[in-house]
Amino acid sequence: MTTTLIQGGLIVTSQGEAHGDLLVADGRIALVGGGLDEAADTVIHAEGCYVLPGAVDPHTHLEMPFGGTTTIDDFTSGTVAAACGGTTTIVDFCLQEPGQALGEALVRWREKAHRCPPAVDVGFHLGIVDLDLDGALDELARLPQEGVPSLKLFMAYKGALMVDDETMVRAMRVAGANGGLAMVHAENGGAIAVLIEEALGRGETEPRYHATTRPPATEAEATGRAIELAALVDCPLYVVHVSCEEALAEVDAGRAAGHQVWAETCPQYLFTTAEDLARPGFEGGKYVFTPPPRTPADQEALWGALAGGRLDAVTSDHCPFRWADQKTLGEDDFSKIPNGGPGIEERLALLHHFGVGAGRFSLPRLVELVSTGPARMFGLHPRKGTIAPGADADLVVFDPARRHTISAATHHSRVDYSLYEGFEVVGAVRDVLLRGNPIVRDGEPVEGPPGGELLSRAPFGSSLPIRDGGAA
Ligand code: URP
Ligand code: ZN
Ligand code: ZN
């Protein structure tokens, strides 16, 4: 039996914080307490540091074909970057191809992870594109019992991933009846297609028109529609990448009506605005992700929603395309710029500095937003997302005094730019353990074969209190 003693840190969970020690045995947390002096194979001194449960990122796109190209991080490079940022579990979006059986799509995605082994644990959501196949609804019904309880429906990307209302209702009905959770990318893809066509007709080809053709109303309309459709067939709903006040208001209204709705935002909506899309020299192309970056007022609304419980999680939506040769596919036409931005490594440090450090929310709330909340919603808790006897020893030793300047020159993703270039943060990941094994030491990946495992997740609701209509 291999044992590790982590001594003297401030142990933070979503429930509170206390100075103490942790004993890890055979990959799991064995003891949590004060003054532990058990003999151990390894001792990690965490005085002056926080000890956090490994962060859980349920929104990543690794090696994903999209927008005429493929995201540049594979399951190895992306998860090494995740680990360096304190994330020990990701849930990645497996996408069905038209005409492909759902199980076949999952086989293909697992093959990617076997070819490029992950450094952290990995689960999959299934992005549904086509339900007009023999047996598709039966397959969908079985997925939550087979370790894939969350499905994704894209209401945008007309002509590519977008599904119609009929597909949404059919998928949601089956998911809701079988322990599934529906996730939606909520933007009105039809309306956006018209706005893009009109903009291009006026010669508006630069990246800044990405924002003007996807106004908040298109996000709010789709958010409200998704909530109503999910409620119609009694399916719990999770809205991804909420970017603006108008969409937040739809989430509030759905909850006030008693619907089971959860929602996330992502760092790019807290730190970038539509002004960034207008940066000269095609720099704006770096900020083409969907929904688009919005306004400073939207940023403040999102921060308030994170603090006040109107939003339940912060995820990365890591969808990395190199600027030099992938984003430039749309140099003459913003609608051809592959949509997506990088950020799998920066989430914890950004939220620590600008959330906790700026007094916007507490350390336990930070843990709830990046670890415990996602673990509960996506069928991983109590194995992941907490520090308690029996849980996986996925742990982050976070040094709150360490200064770090975020830069593409030092991050671990393969992407050639950072949305947060030059941001100075106080507080950085020092060490990371995955099931007791060191995977990051002193901020850098530990050498050796990647040890991440593919996870089977529990059906939705296994560890989640059902909403009673109020905020979280
Ligand atoms: O622009 C984005 N968000 N790209 C990734 C795919 C998605 O919509 O989540
Ligand atoms: Zn999306
Ligand atoms: Zn995404």
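Preceding this section is the structure that the text describes.
Everything numeric here is computed off the predicted structure, so don't read it as measured data. (Residues numbered from 1 in each chain as written. Chains lettered and ligands numbered in written order. Predicted model: local features only at pLDDT ≥ 70, side-chain atom pairs only at ≥ 80, totals over all residues. Heavy atoms only, no water.)

Draft legend 1. Quick peek at the coordination of the zinc ion (ligand 2). Here the zinc ion (ligand 2) is held by H185 (ND1) and H241 (NE2), and the distances to it run 2.1 Å. Relative to the metal, the four donor atoms surrounding the zinc ion (ligand 2) lie at angles of 58 to 149 degrees, and the coordination shape comes out irregular. (Donors = N, O, S within 2.8 Å, 3.2 Å for Na, K, Ca; no water. Tetrahedral: all angles 85-135°; square planar, octahedral: opposite > 155°, others 65-115°.)

Draft legend 2. Summary view of the nonpolar core. The biggest cluster of nonpolar side chains holds 127 residues, and the ones touching the most others in it are M172 and V184. Looking at this core, the element that brings in the most residues is helix α12 (residues 363-377), giving six residues. Those residues in contact with V184 that sit more than four places away from it in its chain are K152, L153, M155, M168, M172, A226, L237, Y238, V239 and V240. By size, the runner-up hydrophobic cluster in this structure holds 15 residues, among which are V24, I44, A46 and V51. (Core = buried A, V, L, I, M, F, W, Y, C linked by side-chain atoms within 4.5 Å. Buried < 20%, exposed > 50% of the residue type's maximum accessible area, 1.4 Å probe, protein only. Helix = DSSP H or I, 4+ residues; strand = E, 2+ residues; numbered from the N terminus. Contact = heavy atoms within 4.5 Å.)

Draft legend 3. Spotlight on the packing of helix α4 (residues 165-177) against helix α7 (residues 216-232). For the pair α4 and α7, interaxial distance at closest approach is 9 Å and the crossing angle is 45 degrees. Here α4 is positioned oblique relative to α7, judged by the angle of their axes. As α4 packs across α7, the resulting crossing turns out to be right-handed. Listed contacts from α7 to D165, M168, V169 and M172 of α4 are R225, A226, L229 and A230. Each residue belonging to the contact of α4 with α7 can be placed in one class, and the counts come to six nonpolar, no polar and two charged. (Axes fitted to C-alpha atoms, helices over the stretch in contact; angles between N-to-C directions. Parallel < 35°, antiparallel > 145°, perpendicular 65-115°, else oblique. Left-handed = near helix turned anticlockwise from the far one by under 90°. Nonpolar A, V, L, I, M, F, W, Y, C, P; charged D, E, K, R; others polar.)

Draft legend 4. Representation of α4 within the structure. Across its 13 residues, α4 extends 18 Å between first and last C-alpha, which sits within 8% of the 18 Å expected from 1.5 Å per residue. What α4 keeps buried is the set T167, M168, A171, M172, V174 and A175. One face of α4 carries all of its buried residues, which in axial projection span an arc of 165 degrees. In α4, those exposed residues whose orientation departs by more than 90 degrees from the buried face are E166, R173 and A177. On its buried side, α4 packs onto α3 (136-142), β11 (150-154), β12 (181-185), α7 and β13 (237-239). The positive-phi residue at the C-terminal boundary of α4 is G179, with phi of around 80 degrees. (Expected span 1.5 Å × (residues − 1). Arc of directions from axis to C-beta.)

Draft legend 5. Local environment of the coordination of the zinc ion (ligand 3). Distances from the zinc ion (ligand 3) to its protein donors, H59 (NE2), H61 (NE2) and D317 (OD), fall at 1.9 to 2.1 Å. Around the zinc ion (ligand 3), the four donor atoms sit at angles spanning 87 to 130 degrees, and that spread fits a shape best called tetrahedral. The metal-metal distance between the zinc ion (ligand 3) and the zinc ion (ligand 2) is 3.9 Å. Placement of the pair is H61 in the loop between β6 (55-60) and β7 (65-66) and D317 in the loop between β15 (313-314) and α11 (347-356), with a sequence separation of 256 residues.

Draft legend 6. Fine view of the site of ligand 1. In the region of ligand 1, the neighbouring residues are H59, H61, Y157, H185, H241, F289, T290, D317, C319, N339 and G340. Here an oxygen atom of ligand 1 and a side-chain polar atom of H185 are 2.9 Å apart. A distance of 2.7 Å separates a nitrogen atom of ligand 1 from a polar atom in the side chain of D317. Burial of ligand 1 by the surrounding chains reaches 100%, relative to a free accessible area of 270 Å². Residues that form the shell around ligand 1 fall into these classes: three nonpolar, seven polar and one charged. (Near = heavy atom within 4 Å. Polar contact = N/O pair within 3.5 Å; in protein donor to acceptor, adjacent residues only side chain to side chain. Areas by Shrake-Rupley, 256 points an atom, 1.4 Å probe, with all protein chains shown as cover.)

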